[in-house]
Amino acid sequence: MIMRYKFEIGCVAFLVLAFILTQLGLNRFFFFAGFAVLQFIMIATAWNILGGYGGYINFGTAGFLGVGSYTSIALIQWSNVSIVPQIIAAAALAGLLGLAIGYFTLRLKGVYFAIATLALAIVLETVVNNWDFVGGAAGISILPTRKPELLGAVIVDRKIGVFGNYKEFLFFLIAGMTIFSVWVARTIEKGKLGRGLNAIKDNEEAAESMGVPTLRLKLIATTISGALMGAAGGIFPSYLTFIDPLTAFNLEFAVYSLAMPMIGGTFTWIGPVLGGLLLGTVQQVAIVTISSELNLLILGVVLVVFVTFAPHGLVGWFMKKN
Amino acid sequence: MSEPLLNIDSVTKNFGGFTALSNVTTEVQVGERFGLIGPNGSGKTTLINCISGLLNNDGGTITFDGHNLNGMKAHKRTAAGITRTFQIPRPFHSMTVMDNLKIPIEFVSGTGASQAAIAEQAMSILETMGMAEKAHQETSGLTQIELRKLELARAIAAKPKLLISDEAMAGLTGNEVDEVLEILISFNEQGMTIIMIEHIMRAVMQFSHRVICLDAGELIAEGKPDEIVKDKGVERAYLGV
Amino acid sequence: MIILELFINALIAGILLGGFFAALSIGLSICFGLLDTVNIAHPTFIVAAAFCTFILNANFGIDPILAGIIITPLFFGLGWVIYSLYYQFFEKTSAEALRGLAFFFGLLFITEVVLIISFGVDHRLVNAAYIGKSFGGEFAGISVSVPFRLLSAFVVAAILTLGLQMFLDRSFFGRATRAVHQDMMALSLMGVDPVAIKRIAFAIGLGTCGIAGALMIIVIPIEPAVGRLFIGNVFAIVVLGGLGSISGTLIAAMILGIAESMVSTFFGPSWAPAVSFTILLGVLAFRPTGLLGVGDTR
């Protein structure tokens with residue numbers, strides 16, 4: 001019985017651990033870096049639902065994250081909506097966007113979906129650049145410390161709140177969201193949807209001929225994947241406290257979201273978790289120790305090397321060894 | 001005479017300016033073994049793509065078992081009872097042989113069944129095809145004949161009323177051709193209607209109750225196998241004289 | 001009257017810009033349209049060529065167009081190497097097409113970062129007699145101005161595009177390239193190695209980056225990430241033109257050039273990047289076979 005719910009127990013244990021960490025009064029940098037790594041895992045996991053299981057490459061990660069971020073900002077600007085509804089709205093909007101772009105391009109060859117998603121990110125960036133309500137090209141500051149109501153009453157300070165500061169609260173929140181994403185991905189993978197997506201990845205025409213409703217499954221996958229990315233973006237402004245279109249729509253996200261699952265292994269939920277953990281940690285260390293440009297160069301090279309030589313990633317490599 | 005299972009009525013298909021099928025009309029009876037022949041590029045595969053739904057015909061009507069198929073998506077046609085194999089086998093290469101069969105069972109013939117029941121059904125089909133010991137192998141290690149058999153097994157797993165076999169015997173040895181023929185005949189005897197596209201004349205003539213011949217997108221002959229063999233038009237189409 | 005004047009000037013600038021876009025897209029039209037290699041890094045290679053032009057111009061005072069011609073063999077060679085790798089690891093093993101796409105995306109990113117590390121993120125320009133001047137006059141009360149930098153880019157682009165089209169239409173190699181697109185088997189039966197044909201064609205496609213890069217730095221100040229903005233332009237043009245059709249590419253480039261120029265004039269330059277991508281998304285959604293309706297996108 002315990003074996004059967006091993007994964008669920010692991011999830012709960014992880015959340016408890018995350019909560020305990022927030023209560024130890026650790027250095028703020030720990031939560032700052034921890035948040036980044038967890039967000040990477042969440043993005044990688046979300047990307048992999050469509051990219052890894054269904055074989056459809058999404059270059060528009062930045063677009064979905066950006067929609068999430070700017071949904072939150074628009075809501076804050078509009079009437080200081082607090083963080084949980086921000087994230088829910090961000091997820092809903094990004095999910096709808098995924099559905100729409102999927103509907104228009106998923107009937108075409110896969111490469112067109114990839115190009116269209118890249119196009120989407122740039123169109124959205126242009127729109128935000130020209131939209132002064134959310135700060136335009138200059139960006140916008142969100143100061144959770146000045147506006148504690150954005151985060152609800154749970155955190156304000158050590159005396160009345162559960163969390164000592166907002167970084168601890170956001171860390172716990174992203175931990176929960178990441179675990180939720182991994183659970184969604186794993187549930188898809190083990191179910192009919194995941195098997196159908198796999199058939200699509202292997203041979204779409206054969207899948208359709210064997211009764212798999214290919215378009216519908218792909219649309220479900222783009223919607224879920226987009227919504228999770230949107231949620232990961234929705235929490236972003238509160239974490240960064242300053243956001244501009246260049247940050248929110250950065251192409252680096254596309255490279256990371258491609259590289260993390262590819263490095264970990266795209267065919268199972270463990271792959272993106274492993275890849276996200278690895279690249280997220282390396283990024284946090286590299287920013288401090290070497291230049292961030294050099295870090296990006298390494299990232300690009302690692303992506304190309306894995307795509308070329310190790311299509312099944314680290315997980316595939318370990319499985320072969322055993 | 002009873003209603004035909006499949007009715008193809010003046011079907012036309014164009015690709016840009018090229019006419020791949022021109023006004024093809026024929027019908028397939030319930031339980032029939034139906035042969036489809038013609039030289040390369042004559043439109044055989046286009047016709048079955050139109051029947052199975054990977055292409056939509058530009059003109060004419062295809063009716064199957066009382067359903068008008070025009071505009072119906074391929075997976076719905078599979079659910080309605082049409083499955084096909086591909087000329088070049090298209091296995092789901094990241095899955096085992098068994099998992100390949102589970103896809104049509106889970107999505108078509110056994111929706112809602114438990115994983116154990118689905119696996120059982122898949123296994124029983126593999127057993128009838130003599131593929132049981134390959135069940136847990138990756139498809140990349142299969143031989144040519146095994147790939148052909150997997151292609152058929154996967155199509156049969158959808159429990160079709162009409163099976164379309166697109167050159168299931170290309171590249172096989174004489175004995176292997178006989179083996180595949182035997183499998184197809186045994187499924188036909190259980191009530192499955194079968195359309196066979198084949199270049200190996202011996203096989204298609206031995207198998208079919210009735211044969212049609214396409215040439216340059218037009219139906220040029222229809223009849224019993226022995227009539228088709230003697231048909232001057234067919235001879236001309238094949239020999240180009 | 002002022003509206004009419006703006007309109008006519010925007011139209012002229014748009015046509016000239018269209019010629020420049022054609023030069024950017026022509027190589028991709030070969031690589032993607034004819035050879036099915038989704039070289040998403042094409043605009044970034046053009047930016048790399050623009051930086052090479054910058055070096056030659058700034059250090060040795062070489063004319064940018066001449067510099068573009070000098071570096072063309074370099075990009076031809078780069079194309080040769082990239083296609084050989086691509087063939088070895090993706091095409092030959094019939095790997096999922098999308099892995100090949102990820103490969104090119106990785107190349108895009110690496111090229112961009114290398115450019116940032118070597119040149120920083122500042123904008124760069126070149127010097128030549130014809131840059132910065134413009135030619136103008138009054139016609140029927142409407143004052144028209146034609147910037148020389150756009151005009152020179154247009155002329156070079158026209159020569160490049162028309163030359164390539166003639167080459168592909170008339171030469172044996174050109175016909176073989178089209179045949180590769182349609183039927184690899186037929187070529188091997190004729191005793192021609194389709195892989196060799198594709199390798200050369202890809203190298204030619206990438207070779208055009210040399211001149212296109214020179215034109216880019218003549219037309220606009222460049223920085224390493226500017227290539228991204230052109231991904232939308234070039235793919236919109238190649239898809240809109242109908243895959244693999246050189247004349248379609250020209251027409252589509254003109255349409256996009258005019259559309260972008262109009263939007264810049266009447267709505268402001270900050271909206272320009274959205275034009276090409278919106279057109280691209282629209283084409284993919286509603287007319288995926290391109291204007292001339294010969295593409296194969298399904």
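Summary of the structure given here. If you're wondering where the values come from, they're calculated on a predicted model, not measured in any experiment. By convention here, each chain's residues receive numbers from 1 onward along its written sequence. Starting at A for chains and at 1 for ligands, labels are handed out in the order in which the entities are written. Predicted model: local features are reported for residues with pLDDT of at least 70 only, side-chain atom pairs are reported and counted for 80 or more only, and whole-chain, interface and lining totals are derived from all residues. Hydrogens and waters are ignored; side-chain quantities use all the structure's heavy atoms.

### Overview of the overall build of chain A
In step 1: If you tally the helices and strands in chain A, you get 15 helices and two strands.
In step 2: Relative to the 2.2 N^0.38 estimate, which gives 20 Å for 322 residues, the radius of gyration of chain A is 19 Å and therefore close to what a compact globule would have.
In step 3: Seen along its three principal axes, the alpha-carbon backbone of chain A occupies a region of about 60 × 50 × 40 Å.
In step 4: Each residue is assigned to one of three classes by its accessible area relative to the maximum for its type, calculated with a 1.4 Å probe on protein chains only: buried under 20%, partly exposed between the two thresholds, exposed over 50%. By the burial criterion, 61% of the 322 residues in chain A qualify as buried.
In step 5: Only heavy atoms enter the contact rule, under which two residues are in contact if any of them lie within 4.5 Å. Long-range pairs, those at least 24 residues apart, make up 77% of the contacts in chain A between residues at least 6 apart in sequence.
In step 6: Accessible areas in this description were obtained via Shrake-Rupley with a 1.4 Å probe; residue shielding takes into account the shown protein chains only. When the accessible area of chain A is evaluated, it comes to approximately 12300 Å², of which 71% is carbon and sulfur surface.
In step 7: Lys and Arg are tallied as positive, Asp and Glu as negative. Neither His nor the chain termini are counted. All charge positions are set by atom: Lys at NZ, Arg at CZ, Asp at CG, Glu at CD. Between the mean site of the 19 positive side-chain charges and the mean site of the 14 negative ones, chain A shows a separation of 9 Å. Only runs of H or I of at least four residues qualify as helices and only runs of E of at least two qualify as strands under DSSP, and these elements are numbered from the N terminus. The globule rule used here is 2.2 Å times the number of residues to the 0.38 power, and the radius of gyration it is set against is calculated over C-alpha atoms.

### Digging into the arrangement of the chains
In step 1: Where the two pairs of chains in contact are concerned, the greatest contact count is recorded for chains A and C.
In step 2: Nowhere do chain B and chain C come into contact; their C-alpha atoms are at least 7 Å apart.

### Quick notes on the interface of chain A and chain C
In step 1: Each side of the interface is counted separately: chain A has 43 residues, and chain C has 44 residues.
In step 2: When two components associate, each loses some accessible surface as probed by a 1.4 Å sphere; the sum of these losses over both components is called the buried area. Taken together, both faces of the contact between chain A and chain C bury some 3800 Å²; the carbon and sulfur share is 82%.
In step 3: Should a side-chain nitrogen of Lys or Arg be within 4 Å of a carboxyl oxygen of Asp or Glu, the pair is scored as a salt bridge. Inspection of the chain A/chain C interface yields zero salt bridges.
In step 4: Of all elements in the fold, only helix 4 (83–105), helix 5 (110–129), helix 12 (251–264) and helix 14 (292–309) of chain A reach the threshold of two or more residues within the side of chain A that touches chain C.
In step 5: Amino acids outside the nonpolar list (Ala, Val, Leu, Ile, Met, Phe, Trp, Tyr, Cys, Pro) and the charged list (Asp, Glu, Lys, Arg) are all regarded as polar, and Gly is one of them. For the side of chain A that touches chain C, the class distribution of residues is 31 nonpolar, seven polar and five charged.

### Some points on the pattern of salt bridges
Residue and element names in this part refer to chain B.
In step 1: Going through the model one piece at a time under the given rule, you end up with 15 salt bridges over all chains.
In step 2: Among the salt bridges present, the one from Lys161 reaches Asp65, with a minimum N-O distance of 2.5 Å. Highlighted residues: Lys161 in the loop between helix 5 (144–157) and strand 7 (162–166) and Asp65 in the loop between strand 4 (59–64) and strand 5 (67–68), separated in sequence by 96 residues.
In step 3: Of the residues examined, Lys161 reaches a relative accessible area of 41% and is grouped as partly exposed.
In step 4: Residues joined in a network through salt bridges with shared partners are Glu32, Arg210 and Glu222.

### Regarding the pairing of strand 3 (residues 33–37) of chain B
Two faces make up the sheet, and in a regular strand the side chains alternate between them.
Residue and element names in this part refer to chain B.
In step 1: Within strand 3, five of the five residues are buried, which leaves the element mostly enclosed by the surrounding structure.
In step 2: Burial along strand 3 is two-sided: Arg33, Gly35 and Ile37 facing one way and Phe34 and Leu36 facing the other are all buried.
In step 3: By the convention used here, strands pair only if DSSP detects at least 2 bridges between them. In terms of strand pairing, strand 3 meets strand 8 (residues 193–197) through four bridges, oriented parallel. From the neighbouring strand, Leu36 faces strand 8, where its bridge partner is Ile197.
In step 4: Summarising the sheet, strand 3 and strand 9 (residues 210–215) pair through four bridges and their orientation is parallel.

### Some remarks on the pairing of strand 8 of chain B
All names here are of chain B.
In step 1: Most of strand 8 is tucked away, with five of its five residues classed as buried.
In step 2: Residues Thr193, Ile195 and Ile197 line one face of strand 8 and the alternating positions Ile194 and Met196 line the opposite face, and both faces are buried.
In step 3: Each parallel crossover has a hand, and the one from strand 7 via helix 6 (residues 174–189) to strand 8 is right-handed. By the criterion used throughout, a crossover qualifies as right-handed when its path from the first strand across the helix to the second strand runs clockwise, the strands pointing away from the viewer.

### Structural notes on the interface of chain B and chain A
In step 1: Across the contact, 22 residues belong to chain B and 20 residues belong to chain A.
In step 2: In total, about 1900 Å² of surface goes out of reach between chain B and chain A, with carbon and sulfur atoms giving 61% of it.
In step 3: The three residues of chain B that bury the most area against chain A are His75, Phe92 and Phe107 of chain B, which together make up 32% of that side's buried surface.
In step 4: On the surface where chain B and chain A come into contact, there are two salt bridges.
In step 5: Glu106 of chain B is the partner of Arg195 of chain A in a salt bridge, and the nearest nitrogen-oxygen pair spans 2.7 Å.
In step 6: In protein, a polar contact requires one atom able to donate a hydrogen and another able to accept it; more generally it is a pair of N or O atoms within 3.5 Å, and residues adjacent in sequence count only if both atoms are side-chain atoms. The interface formed by chain B and chain A includes eight residue pairs in polar contact (both at pLDDT 80 or more).
In step 7: Sorting the residues of the side of chain B that touches chain A by element identifies helix 2 (74–80), strand 6 (82–84), helix 3 (97–109) and helix 5 of chain B as the ones contributing at least two each.
In step 8: Looking at which element gives the most residues to the side of chain B that touches chain A, the answer is helix 3 of chain B, with five residues.
In step 9: Classifying every residue of the side of chain B that touches chain A gives ten nonpolar, seven polar and five charged.

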